[in-house]
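Working through the structure, step by step
Chain residues, written in single-letter form:
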Amino acid sequence: MSHQSDLVRIAPWKGDRQFAYSITYDEGLIETLGFAWRIHRRFGIPGHVNVFPGMLGELVGDTSAGFLQSLWNLQKYADSDHLQFLVSEGWTIGCQFHLDDRDHPAGSLLQARLSLEKAIAHPVRTLAFADFKSCEASQGVAREAGFRWLFTLYDGLNAADEATDVVRRSPLFHGGPTPIRLANDPYRLLALARDRGGWVVDVVRLVDRYPVDA
């Protein structure tokens, strides 16, 4: 990226590279980060994960079934040690947060950022929103709370002639009981990025042990 007049913009790609593709991870579940870390380390590319500050180290899941099934259903969020290890590997950590209308939004976001910074002993300047509408409505309070870059879900490309204060993320594949519905085939973004020299930012919530068959 290049800095000019306090704006961050996409710089021309080095060499003969035509576009960039990045992966971000949400939720911060141990199993997801374990699989993802191995892949990233193999190719020498650090990743980025967004986490809920209030969920570090927590166990979640359905425990109403039998003992073994309950163990299968449980998931654990990364704790501060896991996140500090990822930082040492070159990863960056961002914040996820659901704004509560009952609280003062800027104060809640600031508290979340400071809590996460204390846990990982590293500055946090990115905030991930669950959808584009929330990001649009809360940009002002996010900046007031000290967040510099905002991540949103949006079926679109990050173009080279735009500032990257708000980064569009589009999942290239999503499977599960509640798939994300996109208006267009997200794979078209790769061709669009190649033609325009843009930046595709993927978003992943869960990583399976085995890759998806193409």
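Fair warning: this is a prediction, and the values are worked out from it, not measured in the lab.

Some words on the packing of aromatic side chains
Within the structure shown, the criterion is met by 3 aromatic pairs. On the numbers, 4.7 Å between centres and 45° between planes, the contact of phenylalanine 132 with tyrosine 154 is tilted. In this pair, phenylalanine 132 is assigned in helix 5 (residues 132-144) and tyrosine 154 in the loop between strand 9 (149-153) and strand 10 (166-169), connecting sequence segments 22 residues apart. Classification of phenylalanine 132 by relative accessible area gives partly exposed; the value is 30%. On the basis of relative accessibility, which here comes to 36%, the residue tyrosine 154 falls in the partly exposed class.

Here we look at the confidence of the model for the protein
For any part of a model where pLDDT is low, the fine detail of the predicted coordinates should not be relied upon. Within the protein, residue pLDDT values average 80, and 74% of them lie at 70 or more. Low pLDDT (under 50) marks residues 1-5, which in the prediction has 10 contacts with non-local residues, meaning those over four places away or in another chain.

Observations regarding a nonpolar patch on the surface
Taken together, the side chains of Ile39, Phe43 and Ile45 define a hydrophobic patch exposed on the protein surface, amounting to about 320 Å² of accessible area. Along the chain, isoleucine 45 falls in the loop between helix 1 (30-43) and strand 4 (48-51).

Comments concerning the sheet that holds strand 10
The parallel open sheet is built from 7 strands, whose spatial order is 10-9-8-7-4-3-11. Single-partner strands in this sheet number two, and they are strand 10 and strand 11 (199-204). Sheet twist, expressed as the average angle between the axes of neighbouring strands with direction ignored, equals 30°. Contacts from helix 1 reach strand 3 (20-25) and strand 4, with the element oriented near 155° to strand 3.

Remarks on unusual backbone geometry
Its identity as a non-glycine residue notwithstanding, glutamate 27 has a phi of 80°, on the positive side. Mapped onto the fold, glutamate 27 is located in the loop between strand 3 and helix 1. We classify glutamate 27 as buried; its relative accessible area is 18%. Its identity is not glycine, yet alanine 121 carries a phi of approximately 55°, on the positive side.

A short note on the nonpolar core
One finds Val49, Leu83 and Leu116 to be the most contacted residues of the largest nonpolar core, which totals 29 residues. Counting residues per element, the ones that place at least two in this core are helix 1, strand 4, helix 3 (80-88), strand 7 (92-96), helix 4 (105-120) and helix 5. Broken down by element, the residue count for this core peaks at 5 residues, all from helix 4. Counting 6 residues, the second-largest nonpolar core is a separate cluster that includes Ala20, Phe151, Val167 and Val201.

Quick notes on the rules
- Residues numbered from 1 in each chain as written.
- Predicted model: local features only at pLDDT ≥ 70, side-chain atom pairs only at ≥ 80, totals over all residues.
- Heavy atoms only, no water.
- Phe/Tyr/Trp six-rings, centres within 6.5 Å; stacked < 30°, edge-to-face > 60°.
- Helix = DSSP H or I, 4+ residues; strand = E, 2+ residues; numbered from the N terminus.
- Buried < 20%, exposed > 50% of the residue type's maximum accessible area, 1.4 Å probe, protein only.
- pLDDT = per-residue confidence, 0-100.
- Contact = heavy atoms within 4.5 Å.
- Patch = residues over 30% accessible without salt bridge, like charges linked within 9 Å, V, L, I, M, F, W, Y side chains within 5 Å.
- Areas by Shrake-Rupley, 256 points an atom, 1.4 Å probe, with all protein chains shown as cover.
- Salt bridge = Lys/Arg side-chain N within 4 Å of Asp/Glu carboxyl O.
- Pairing = 2+ DSSP bridges.
- Axes fitted to C-alpha atoms, helices over the stretch in contact; angles between N-to-C directions.
- Core = buried A, V, L, I, M, F, W, Y, C linked by side-chain atoms within 4.5 Å.

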